[in-house]
Each structure stands twice: as C-alpha cells, then as structure tokens.
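The lines below spell out each chain.
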Amino acid sequence: MEPRPLLLLLSGALALTQTWAGPHTLRLFGTLLSGLGESQYIGVGYVDDTEVLQFDTNTPNPRVQPRVLRTERPWVEQDDPEFWEEQTQLIKHYEQASRANLNNLRDYHNQSEDGFHTFQVTIGCVVGSDRRFLSGYSQNAYDGTETFTLNLDLSSTTEGNKTTQITIGRDLLHQDDVECWRAFLEDTCVRWLHLFLQKGKEKLLRGDPPKTHVTHHPISDHEVTLRCWALGFYPADITLTWQRDGEDLTQDMELVETRPAGDGTFQKWAAMDVPPGEEQRYTCQVQHQALPEPLTLRWDPPPQTTVTTVGIAATLSLLVAATAGAVLWRRKSSGRDKKSYSQATYSDIAQGSDVSFMAPKG
C-alpha cells in the first residue's frame, strides 16, 4: 500500500521542523537599467545568505534560473515546473512594472530618454521559528533615490501593536497597490520561503561552526595588535567581542564587515591594540548559532622551550666561531708548520665546543 499524501506531507514538515531554527528571510532584488533606447532587467533572490535564483533579460529565452543545490542535487524545472514558471512570470511582471515606473519618473523630472536611469525594487519577508510571517518590506528607488517604502512588522503578539509604516516620495502606488504588496509579503513570499527551505534544507538549514584563532602583530615598542579570526562559518550572523579582564571593549576594537569566503561560507575578524606584555589580559568571545556554546580565545605565545633551545644553539655557535678564530690567529702567529697547525686547531675547536673529538697524533 502506497503512503498517503497527507502522511508524506506530515513527514516532510516534521523533518523541516527538526532543523528549522529560524528566523529565515527571503529577499528579492530587481534592477532595471535604461539608456540610449536599450534596457536590461536583472533579478536575484536570496534565502538568508545563499543565492537561490537569478534572472536576466539579456539572455536567450529569459527565465528564472535556480541557483541552489547545484553541487548536491540539481533543483531544475522538472522538479517543480509550476513553481519556476510562477517565479518567471512574477519577475517579468516586476520588469514591466519597473519599466512603467521608470518612464513615469523620468517624465515627472522632465528628463531625456537618452539618459541613463535605474529603477530598483527590493522585497523581503521574514518568518520566525514557528514558520509564521514575522515581518516584511518593499522598497522602490529611482536613480538611487527612494520613492516608496512599505514596512510590515507583525512580530507583536497583540493585534493593537501590529504596525504598518508607509512613506511615499511620490504617489506612484494607490491604496489598492499597497494592499496587493501586503498580500504578497504575508502570503506568497512566505509560501516561497517555505518551499525553498524544504527543497534545499541540506544547504539552507545547515550550520557550519567558525574556525577560530588569534594572531599577534607587533606595531611598535609600545603597542601590539591582537586579531581574532573566524573563518568558514555559515550562516553569516556572528558576534566577535574583545574583553579585558572580562570587561567588554566593543567601542575600542576594530571590526570588519562579514565577508563571503567564495565557497558558500563567511569570514570575519576583530582587532585590538594592547600594550606589550599584557596580552594575556585580553580574550576574544565568539558567538555563532552552529557553536554549542560561545568560545573564549586568548593569544598563546610561542613555547619558551623553543626560544631557549634556539638561544643556546646560537650561543654555542658563536663560542665555537670565536674559539676557532682565536686559535687560528695564535697558530698563524707562532709560525708552526701547516700539519701541526691544522691538528692543533681541530683539537682546540673540539674542546671549546665540549665535543670529545681527539686530533690524530703526529
């Protein structure tokens, strides 16, 4: 007897719930470039920090292309043809709407059609750990200047505290259009996000813990830089904090933006300038969702035994060289024959280096 569809659906939902650990975000970006009678529309989509789709009108037969799971299991049209067709039609609708808005704004500003202009659309929705809609936004911009923004915050548990903030630079959208955006963010966007997470859970719901270490960089006789590294982690959200004797030094440290590593993971570092000799008072705290608990890192100086061994070896080498030089000078000055001079030098060097070598007798 084949499994019932309801049981399959419940099984998939259970598997997703076990690895969900939200919140998660779906972000869609669209940019229309126009000038000299030509135009190009480019669209990309991200689930959290991973690109999942791409669209470009400057390709043959433009369609939305899936970008997730390319290296694991291709998620292509035969997997969900209706879903990808829906994505393609929506992106093309955004393209047409962006073109109409760009033309309206260009006419409004009395600008020539030959000039280069851009119209950008950014859309996003966020779902919480319960997989329900948490917040959403829609933003439009013409030539880099915002013209419309819709922010929805439904994170409050009480109906009275739910807020809708709308700012309009120019009346491009009517109230009906605003309601359509709300419906899209609260329903369609959330449905797509659920589907992406279900189909790509091996990649999108994974957690890669950071590889961490601290490096030591002398700057001068009065200052040393300690740099705390976090490499190869996913998702991108991470916290690095330097402390001195347990006290946070957030305001005093240098912190770079989280950067993509090029392999689907991210990297970040935080630096702190400290007085030489006080390095052990400073610790770096690393927090990331893939870590079972926060890490505490401290710079480890090189082992003293290694330094001591190298110093002793260098001292012995200098002593041997000095002894050899003195013997050479003394024997040369005495005028002895070459054979006796060589044997004595060999014997004296061996004694001076505390090695039991005996020179042959003449």
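What this report covers is the structure whose coordinates are included nearby. (Residues numbered from 1 in each chain as written. Predicted model: local features only at pLDDT ≥ 70, side-chain atom pairs only at ≥ 80, totals over all residues. Heavy atoms only, no water.)

Attention now goes to the overall build of the protein. A count of helices and strands for the protein gives six helices and 17 strands. Scored against the burial criterion, the 362 residues of the protein give a buried share of 36%. Once local pairs closer than 6 in sequence are excluded, the contacts in the protein between residues at least 24 apart make up 53%. With the model as given, the accessible surface of the protein reaches about 21600 Å², and the carbon-plus-sulfur share is 52%. (Helix = DSSP H or I, 4+ residues; strand = E, 2+ residues; numbered from the N terminus. Buried < 20%, exposed > 50% of the residue type's maximum accessible area, 1.4 Å probe, protein only. Contact = heavy atoms within 4.5 Å. Areas by Shrake-Rupley, 256 points an atom, 1.4 Å probe, with all protein chains shown as cover.)

Note the cis peptide between Tyr 234 and Pro 235, where omega equals 0 degrees. Looking at the secondary structure, you find Pro 235 in the loop between strand S10 (223-233) and strand S11 (239-244). Unlike most non-glycine residues, Asp 48 shows phi in positive territory, near 55 degrees. Counting through the fold element by element, Asp 48 comes out in the loop between strand S2 (38-47) and strand S3 (50-56).

Attention shifts here to the sheet that holds strand S12 (residues 247-248). Pairing within the open sheet is antiparallel, and its four strands lie in the order S12-S11-S16-S17. At either margin of the open sheet sits one strand with a lone partner, and together these are S12 and strand S17 (295-297). Alignment of S11 against strand S16 (residues 282-287), held across six bridges, turns out to be antiparallel. Paired with Thr 241 across the bridge in S16 is Gln 285. (Pairing = 2+ DSSP bridges.)

Where charged atoms from two side chains of opposite charge approach closely, those side chains can pair. Tallied over the full model, the rule gives eight salt bridges. Arg 63 is paired through a salt bridge with Glu 85; the nearest N and O atoms lie 2.8 Å apart. Taken together, the residues span a long stretch of sequence, with Arg 63 in the loop between S3 and strand S4 (65-66) and Glu 85 in helix H2 (residues 81-108) at a distance of 22 residues. Here the salt bridges do not stand alone but share partners, grouping Asp 245, Glu 278 and Arg 281 into one network. (Salt bridge = Lys/Arg side-chain N within 4 Å of Asp/Glu carboxyl O.)

In this section: the state of the cysteines. As used here, a disulfide is simply a covalent bond connecting the sulfur atoms of two cysteines. Counted under the stated rule, the structure contains two disulfides. The disulfide that involves Cys 125 links it to Cys 189, with 2.0 Å between the sulfurs. A torsion of -85 degrees about the S-S bond marks the disulfide between Cys 125 and Cys 189 as left-handed. Residue Cys 125 is located in strand S5 (residues 117-127), and its partner Cys 189 is located in helix H3 (residues 175-199); the two are separated by 64 residues in the primary sequence. Classification of Cys 125 as buried rests on a relative accessible area of 0%. Assessed through its relative accessible area of 1%, Cys 189 is described here as buried. Disulfide pairing places Cys 228 opposite Cys 284 at an S-S distance of 2.1 Å. In this structure the cystine formed by Cys 228 and Cys 284 twists about its S-S bond by roughly -80 degrees; its chirality is therefore left-handed. (Disulfide = S-S within 2.5 Å.)

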